[in-house]
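# Structural characterization, general
Read off the chains here:
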Amino acid sequence: MEGLVDSHTHVSVLPFDALENMALAGVRKIIGCSIFFGARHAETLFDHFEQMLTLCQQSAIQNGLKLFVAVGLHPLGTPEDWPRVVEALPTYLKRAGVIGLGEIGLHEGDKREQEVLREQLKIAKEYGVPVIIHTPPRQRELITGKALEIAAAIGIPPHKVVIDHANLDIINLIEEFGAIPGLTIRQDGLTPPILLEHLEHFWRGMLNSDYSNLKACDPLSVPRAVRYLENKGAPHEIVERIARYNAEELFGLS
Ligand SMILES: [Zn+2]
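Scope of this entry: the structure provided in the associated data block. In this text, all values refer to a predicted model and were calculated from it rather than measured experimentally.

## Quick look at the pairing of strand 4 (residues 98-105)
A large share of strand 4 lies buried, amounting to eight of its eight residues. Bridge analysis of strand 3 (residues 66-71) against strand 4 gives three bridges, and the strand direction is parallel. What sits directly across from A70, in strand 4, is G100. Bridging between strand 4 and strand 5 (residues 131-134) involves three bridges; their strand directions are parallel. Looking across to strand 5, one finds that L101 is bridged to V131.

Here you go:
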């Protein structure tokens, strides 16, 4: 199929040739989520956002890709002076190509992470933008539940919340809340066969690679998943939704 969207990458660590390969495999739009692992100063995040909105944008364009950016504080890269970043988020939301807040969320789920998430969700609600929320590898149900509790307390519209790295263990929580499952395709998580077998749970979601330098990643995981689903005869309308239209509609990618 045409016009694939990779709805969650960490584009500042995506090599130039990976962008080229993604374009050759049919990807046309990507979302770059913020993360600067171990950030110690608000300025580190500001520079990270700027880099995505300049160098990364240009590298994407050179490969025929459109890059959209989500700004925010990831729980693995929240500096001591994080309130300064929260305060600056509205300014970034006005920049061309910025489509929402992400990657935000809980990793350990402690009080500080909860506070940082709460403050960012308040901004998302006030400005009416979608959010991309991380889920951790451990204690997934407990910590996802906490994140959803915070989102509910803020009163953010559920259909603007992407709960990413969804899998069978948390899909019921996501559905009950009315959020959108982010479908990160990876060998030790949601694989194409699991996706195919449970499409009735995942059709509202959006495919992504979550490409980063934190673990083994495949920049082509979205086109590979699409090829797998097509080869196995998955309904075309569903493949189009999860590989393109769900993300385009939620984030207004044009
Ligand atoms: Zn990520």
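## Some details on the coordination of the zinc ion
In the first shell of the zinc ion, the protein supplies H8 (NE2), H10 (NE2), E103 (OE) and D210 (OD), at 2.1 to 2.2 Å from the metal. Coordination at the zinc ion is irregular: its four donor atoms span angles of 86 to 172° at the metal. All donor residues of the zinc ion come from one chain, and their arrangement in sequence is H-x1-H-x92-E-x106-D. Highlighted residues: E103 in strand 4 and D210 in the loop between strand 8 (206-208) and helix 9 (221-231), separated in sequence by 107 residues. Of the residues examined, D210 reaches a relative accessible area of 7% and is grouped as buried.

Rules behind the numbers
- Residues numbered from 1 in each chain as written.
- Predicted model: local features only at pLDDT ≥ 70, side-chain atom pairs only at ≥ 80, totals over all residues.
- Heavy atoms only, no water.
- Buried < 20%, exposed > 50% of the residue type's maximum accessible area, 1.4 Å probe, protein only.
- Helix = DSSP H or I, 4+ residues; strand = E, 2+ residues; numbered from the N terminus.
- Pairing = 2+ DSSP bridges.
- Donors = N, O, S within 2.8 Å, 3.2 Å for Na, K, Ca; no water.
- Tetrahedral: all angles 85-135°; square planar, octahedral: opposite > 155°, others 65-115°.

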